[in-house]
Amino acid sequence: MTEPVVLISALEHFVYCERQCALIHCDGVWIDNAHTVRGARAHRRVDSGKHRRERGVLTLRSIPLWSEKLGLSGRADTVEILDGAVYPVEHKSGTRHGRAADFQVCAQAMCLEEMLHTSIPAAFVWYGGPRRRQQVPLTAELRADVEAAVTAIRAQMVLGELPAAPADERCEECQLEPHCLPHVTSTANDLARRVAAQLTA
Ligand code: SF4
């Protein structure tokens, strides 16, 4: 059986919430909220595909990426080339939320390394909230974490299992909350666990 290809964007969803990743990438659920609409608006420029050169930096926009080795595919918002060095820059409209964007940009760099036979020691994430660009060192640990996440996402896709809802503060900003109903499903799961424990006691 051919292994399913994992989308680079799934890494962001997986790191945020494993259930969110399964709902989007296995069940095909998508609901826009204020955050996703703002993000889509902010991406219009990078999605334009127009390249530019400024102060010696060539900026390529909306570049398709893939990795045969990792079974990954997706698109880089921007890839910059300066003095022969190549590095991806991921664009986020808001502020930093944990390591989600680090995983995404690291996966982009790993694809570029395979495609271009080069090595990329660091990548960048631009956060539109503070209007700051943050460097992401592509350490062995981050690369291993990305590979482990890709393997876990692929397992989700093959097995089709929906992880339990964590029902914590992440749900307040999650666009899938109306579909996921985290507090209802976590209570139901908890009840089912208690009944099972009673029956096996
Ligand atoms: S509502 Fe909460 S549990 Fe459900 S997908 Fe979103 S973050 Fe995950």
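The structure presented is a predicted model; accordingly, all values stated were derived computationally and were not measured.

## Thoughts on the site of the ligand
And then number 1: Taken together, the residues surrounding the ligand are Cys-17, Arg-19, Gln-20, Ala-165, Pro-166, Cys-171, Cys-174, Glu-177, Cys-180 and Pro-182.
And then number 2: Elements supplying a minimum of two residues to the shell around the ligand: α2 (18-25) and α7 (177-180).
And then number 3: Both domains that furnish three or more residues to the shell around the ligand are identified here as domain 1 (6-163) and domain 2 (167-201).

## A short note on the pattern of salt bridges
When the charged atoms of two side chains with opposite charge come close together, those side chains can pair.
And then number 1: Under the defined criterion, the tally for this structure stands at eight salt bridges.
And then number 2: The partner of Arg-170 in a salt bridge is Asp-168, and the shortest N-O contact between them spans 2.7 Å.
And then number 3: Owing to a relative accessible area of 29%, Arg-170 belongs among the partly exposed residues under this scheme.
And then number 4: Judged by relative accessible area, which is 25%, Asp-168 ranks as partly exposed.
And then number 5: By sharing partners, the salt bridges in this structure join Glu-12, Glu-90 and Lys-92 into a single network.

## Topic: the domain arrangement of the protein
And then number 1: Domain boundaries assigned for the protein yield domain 1 (6-163) and domain 2 (167-201).
And then number 2: Facing 14 residues of domain 1, the contacting portion of domain 2 comprises nine residues.
And then number 3: Three residues, Tyr-16, Arg-19 and Ile-31, lead the burial of domain 1 against domain 2; their summed loss comes to 45% of the area buried on that side.
And then number 4: Remark: the boundary between domain 1 and domain 2 carries zero salt bridges.
And then number 5: For the pair domain 1 and domain 2, the number of links is two residue pairs in polar contact (both at pLDDT 80 or more).
And then number 6: Of all the elements in the fold, those that place two or more residues in the side of domain 1 that touches domain 2 are α2 and α3 (34-42).
And then number 7: Sorting elements by how many residues they give to the side of domain 1 that touches domain 2 places α2 first, with four residues.
And then number 8: Split into classes, the residues belonging to the side of domain 1 that touches domain 2 amount to seven nonpolar, five polar and two charged.

## Thoughts on the packing of aromatic side chains
And then number 1: Under the counting rule described, the total for this entry stands at one aromatic pair.
And then number 2: With 5.4 Å between their ring centres and 65° between their planes, Tyr-87 and Phe-124 make a pair best called edge-to-face. With a gap of 37 residues between them, Tyr-87 in strand β5 (residues 85-92) and Phe-124 in strand β6 (residues 122-127) connect regions that are remote in the sequence. Considered together, Tyr-87 and Phe-124 belong to a single accessibility category, that of buried residues.
And then number 3: Arg-133 extends its terminal NZ or CZ atom over the ring of Phe-124, reaching a point 5.0 Å from the ring centre.

## Thoughts on the pairing of strand β7 (residues 132-137)
And then number 1: Relative to β7, β6 runs antiparallel, the two sharing six bridges. If you follow Val-125 over to β7, its bridge partner there is Gln-134.
And then number 2: If you look at the hairpin formed by β6 and β7, you'll find four residues sitting between the two strands, and Arg-131 has a positive phi there, around 50°.

## A closer look at unusual backbone geometry
And then number 1: If you check the backbone angles, Ser-62 has positive phi at about 55° while not being a glycine.
And then number 2: The exposure class assigned to Ser-62 is buried, which follows from its relative accessible area of 14%.
And then number 3: At His-117, a position not held by glycine, the phi torsion is positive, near 55°.
And then number 4: Structurally, His-117 can be placed in the loop between α5 (100-116) and β6.

## Examining the packing of α5 against helix α6 (residues 140-159)
And then number 1: Running from N to C, α5 and α6 cross one another at 95°; their axes reach a closest spacing of 10 Å. By the angle class used here, α5 and α6 are roughly perpendicular. Contact residues: α5 offers Asp-102, Phe-103, Cys-106, Ala-107, Met-110 and Glu-113, while α6 offers Leu-142, Arg-143, Asp-145, Val-146, Glu-147 and Ala-149.

## A short note on the nonpolar core
And then number 1: Residues Leu-11, Leu-65, Leu-72, Leu-138, Leu-142, Val-146 and Ile-153 are the most contacted members of the largest nonpolar core, which totals 38 residues.
And then number 2: Mapped onto this core, the elements with two or more residues apiece are α1 (8-16), β3 (57-67), β4 (72-82), β5, α5, β6 and α6.
And then number 3: The element contributing the most residues to this core is α5, with nine residues.
And then number 4: The contact partners of Leu-138, leaving out residues within four places of it in the chain, are Cys-106, Ala-109, Ile-120, Pro-121, Ala-122, Ala-123 and Arg-143.
And then number 5: Core analysis: the next-biggest nonpolar cluster, separate from the first, contains seven residues, Leu-23, Ile-24, Val-29 and Cys-180 among them.

Parameters and conventions
Residues numbered from 1 in each chain as written. Predicted model: local features only at pLDDT ≥ 70, side-chain atom pairs only at ≥ 80, totals over all residues. Heavy atoms only, no water. Near = heavy atom within 4 Å. Helix = DSSP H or I, 4+ residues; strand = E, 2+ residues; numbered from the N terminus. Domains from an automatic or database assignment. Salt bridge = Lys/Arg side-chain N within 4 Å of Asp/Glu carboxyl O. Buried < 20%, exposed > 50% of the residue type's maximum accessible area, 1.4 Å probe, protein only. Contact = heavy atoms within 4.5 Å. Buried area = accessible area lost by both parts, 1.4 Å probe. Polar contact = N/O pair within 3.5 Å; in protein donor to acceptor, adjacent residues only side chain to side chain. Nonpolar A, V, L, I, M, F, W, Y, C, P; charged D, E, K, R; others polar. Phe/Tyr/Trp six-rings, centres within 6.5 Å; stacked < 30°, edge-to-face > 60°. Lys NZ or Arg CZ within 6 Å of the ring centre and 35° of its normal. Pairing = 2+ DSSP bridges. Axes fitted to C-alpha atoms, helices over the stretch in contact; angles between N-to-C directions. Parallel < 35°, antiparallel > 145°, perpendicular 65-115°, else oblique. Core = buried A, V, L, I, M, F, W, Y, C linked by side-chain atoms within 4.5 Å.

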